[in-house]
Amino acid sequence: MVDSLGSRMKFAVVAPSTNTSVEPEYARMQPRGVTNHFSRIAIPDTKVTDDDSFMVMLNTIRDSTFDAVDVSMSMEPGCVIMGMSAETFWDGAEGADRLHKKMVARTGGVPVIMGSTAVDAAIKAYETDRKPIRKIGIITPYMPVGDRNVQKFFEDQGYEVVNLVGLKSPSPMMIAHESKQILKQAAIDVSDGVDAIIQAGTNLAFADVAAIAEFWLEKPVIAINTATYWHALRTMGISDQIDGFGHLLSHC
């Protein structure tokens, strides 16, 4: 017997309670027979004004993540998606690997998909039919301490970070209030001299902007929510091609 709606796959998605972008964006990418089931990491919408307050927010997320993962396992998912970003980049490639191992141990071996490594996989997927991607521009909603950790992750993977725009969003919930016009300008600002544009921060509603920007900038523009959901689908053997979210979901 299989789940009547999630006959092909049940995804557990773990995301902060302040996040209002991951759930609707994933829902629009959802193929037939695949269902998304959210477990919220309970955090307050604390103000973020500098590196210290950013770390307060991040540590609050860290303190509650395992509880949310444990709750999500009660519906016996086929895969767990981490709908959160900063922590998956922290301490570079070594930190990402350490976090992934902890998460898989917590799920009892159920596959876990994280944003940082999903974006790296997406870059490599683009490289199969385009020129190699070495120079990248990055967009984040973070304070400088977050930006440094995102940059370290990609440098550890061998990429050169040429441009980076950190939007310094004033709280975790307010990240979702960054307008499409602001995100469009950020994409333009990091586009010069790069092979691809990468966006971190899962509460930035960037999936639509990325698909449009990819067309007019004529280079890969990778939204973290698109990359993470794509990587989860492909990891679990689901190869459906979905239009409206750029080259990654429609061709890779």
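See above for the structure.
Report follows, based on the coordinates. Small disclaimer: the values here were computed from a predicted structure and weren't measured.

Re the pattern of salt bridges
Within this structure, the stated rule accounts for 14 salt bridges. Asp208 is paired through a salt bridge with Arg28; the nearest N and O atoms lie 2.9 Å apart. A residue pair is termed long-range when its members are at least 10 positions apart, and Asp208 in helix 8 (residues 207-217) and Arg28 in helix 1 (residues 22-29) qualify at 180 residues. Accessibility expressed as a relative area gives 21% for Asp208, which makes it partly exposed. A relative accessible area of 45% means that Arg28 is categorised as partly exposed. As a salt-bridge pair, Arg98 and Asp91 come within 3.2 Å of each other at their nearest N and O atoms. According to the relative accessible area criterion, Arg98 is partly exposed, its value standing at 36%. What emerges from the salt-bridge pattern is a single network uniting Arg28, Lys180 and Asp208.

Re the environment of Met55
Along the chain, the position of Met55 falls in helix 2 (residues 51-72). Residue Met55 is classed as partly exposed on the basis of its relative accessible area, which comes to 22%. Along the primary structure Met55 and Asn149 are separated by 94 residues, whereas in three dimensions their C-alpha atoms are 12 Å apart.

Some words on the sheet that holds strand 4 (residues 112-113)
Pairing is parallel in the open sheet, where four strands are placed in the order 2-1-3-4. With one partner strand each, in any of the chains shown, strand 2 (34-41) and strand 4 form the two edges of the open sheet. Bridge count between strand 1 (residues 9-16) and strand 2: eight bridges; the pairing is parallel. Bridged to Pro16 within strand 2 is Ile41.

Conventions used here
Residues numbered from 1 in each chain as written. Predicted model: local features only at pLDDT ≥ 70, side-chain atom pairs only at ≥ 80, totals over all residues. Heavy atoms only, no water. Salt bridge = Lys/Arg side-chain N within 4 Å of Asp/Glu carboxyl O. Helix = DSSP H or I, 4+ residues; strand = E, 2+ residues; numbered from the N terminus. Buried < 20%, exposed > 50% of the residue type's maximum accessible area, 1.4 Å probe, protein only. Pairing = 2+ DSSP bridges.

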